[in-house]
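Given next are the chains, with one letter for each unit.
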Amino acid sequence: MKLPPPLSFLPPLPSPPRLPRLPGPRLSSALVGATALELAVLAGHLITYPLGLTPERPESPEHPESRAGSAGSAGSAGSERPESPARTDRPENAPARPLALPVTGDPTAPAAAPPVVLLHGFIDNRSVFLVLRRALTRHGHRRTASLNYSPLTRDIRAAAALLGRQVEAVRARTGHDRVDIVGHSLGGLIARYYVQRLGGDRRVRTLVTLGTPHGGTAVAPGAGLHPIVRQMRGGSPVIEELRLPAPGCRTRFVSFWAELDQVMVPVETACVDHPDLDAVNVRVTGIGHLALPVHPAVAAAVREVLETPETGEADVPVTGATSAA
């Protein structure tokens, strides 16, 4: 007799359930594009970097009007030289022979528009502001001055004190009581310390920061090697000083922060968050840290900020590039 196959009466076992596929790491097209732009900006900046190693050539501290008056009187024999209308007073703590920053731009710019001081980031120089400076001088007819500080600078506080002396020199050279400052990365942190902790709010009308670690950043390469980089980390004594009360601060703050900034971790650390400060944070999409000072749309937005009267917060709309946040 033929026997049936063993266990043929048992129902078939169900197949094991299929586990859902876990998504692998995927880079967004925006991040890929921003990274490619960062590399292009870095390559271009390496070419222009030598142009900014030397300080700008100083100009005569006289105003154009005084020079014109002197030239007109030189042709009259025996006539007395007219008194120059230029300011000759100098703050007590300003050096007799600057440290002074040369000021370039349109000398016929409106008197209400203060000069702009540009302050670069860590291990950088004034060449990073070539695009922004062109936008300010060509379209805004603003006078600009750049400051190079040494990469060997070991303390944000010392760099802020140097900035203060430079601001006094610019005021003496231009006759303006106040200036505007644009700082990239560490440069913005130095400028904020000057404004908030060293009384610079009496001298600075508007401070614009580009990718500045206002709250400290977790990404700080070489933090164990360079003291000033350790000061940019969250919880450092300098960052904690900037959290202290600042009642009556007269400077307007506008901070541009990039969604794809890989140097600011978290990215929101580039926002100014302080109850005593008049601050607007502007979100920039599609670009990273290095592109902030060279992107044409950001340059146009910065120019618009500096041309906006101090009448409270205002959005700075630039289609596809920035938005107020």
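Residues numbered from 1 in each chain as written. Predicted model: local features only at pLDDT ≥ 70, side-chain atom pairs only at ≥ 80, totals over all residues. Heavy atoms only, no water.

A. Focus on the pairing of strand β1 (residues 116-119). With burial as the criterion, each face of β1 is covered, one bearing V116 and L118 and the other bearing V117 and L119. Here β1 runs beside strand β2 (residues 144-147); their pairing, made up of four bridges, is parallel. Residue pairing in the sheet places L118 in a bridge with S146 of β2. As paired strands, β1 and strand β3 (residues 179-184) are joined by four bridges and run parallel to one another. Note on β3: the bridge partner recorded for L118 is V182. (Buried < 20%, exposed > 50% of the residue type's maximum accessible area, 1.4 Å probe, protein only. Helix = DSSP H or I, 4+ residues; strand = E, 2+ residues; numbered from the N terminus. Pairing = 2+ DSSP bridges.)

B. Region of interest: the pattern of salt bridges. Considering all chains together, one arrives at 11 salt bridges under this definition. R171 is the salt-bridge partner of D177, the closest N and O atoms lying 4.0 Å from each other. Judged by its relative accessible area of 49%, D177 is partly exposed. Across the salt bridge formed by R243 and E240, the nearest N and O atoms sit 3.3 Å from each other. Connected via shared salt-bridge partners are D155, R157, R197 and E241. (Salt bridge = Lys/Arg side-chain N within 4 Å of Asp/Glu carboxyl O.)

C. The packing of helix α4 (residues 156-174) against helix α5 (residues 186-197), seen in detail. Viewed as axis vectors pointing N to C, α4 and α5 meet at an angle of 75°, and their least axial separation amounts to 8 Å. Classified by the angle their axes make, α4 and α5 are roughly perpendicular. For the pair formed by α4 and α5, the contact residues are I156, R157, A159, A160, L163, G164 and V167 on the first element and L186, L189, I190, A191, Y193 and Y194 on the second. Considered class by class, the residues forming the contact of α4 with α5 number 11 nonpolar, one polar and one charged. (Axes fitted to C-alpha atoms, helices over the stretch in contact; angles between N-to-C directions. Parallel < 35°, antiparallel > 145°, perpendicular 65-115°, else oblique. Contact = heavy atoms within 4.5 Å. Nonpolar A, V, L, I, M, F, W, Y, C, P; charged D, E, K, R; others polar.)

D. Representation of the confidence of the model for the protein within the structure. Summarising the model, the protein shows a mean pLDDT of 76, and 65% of its residues fall at 70 or more. Note that residues 311-321 has pLDDT below 50 and, in this model, 20 contacts with residues that lie over four places away or in other chains. (pLDDT = per-residue confidence, 0-100.)

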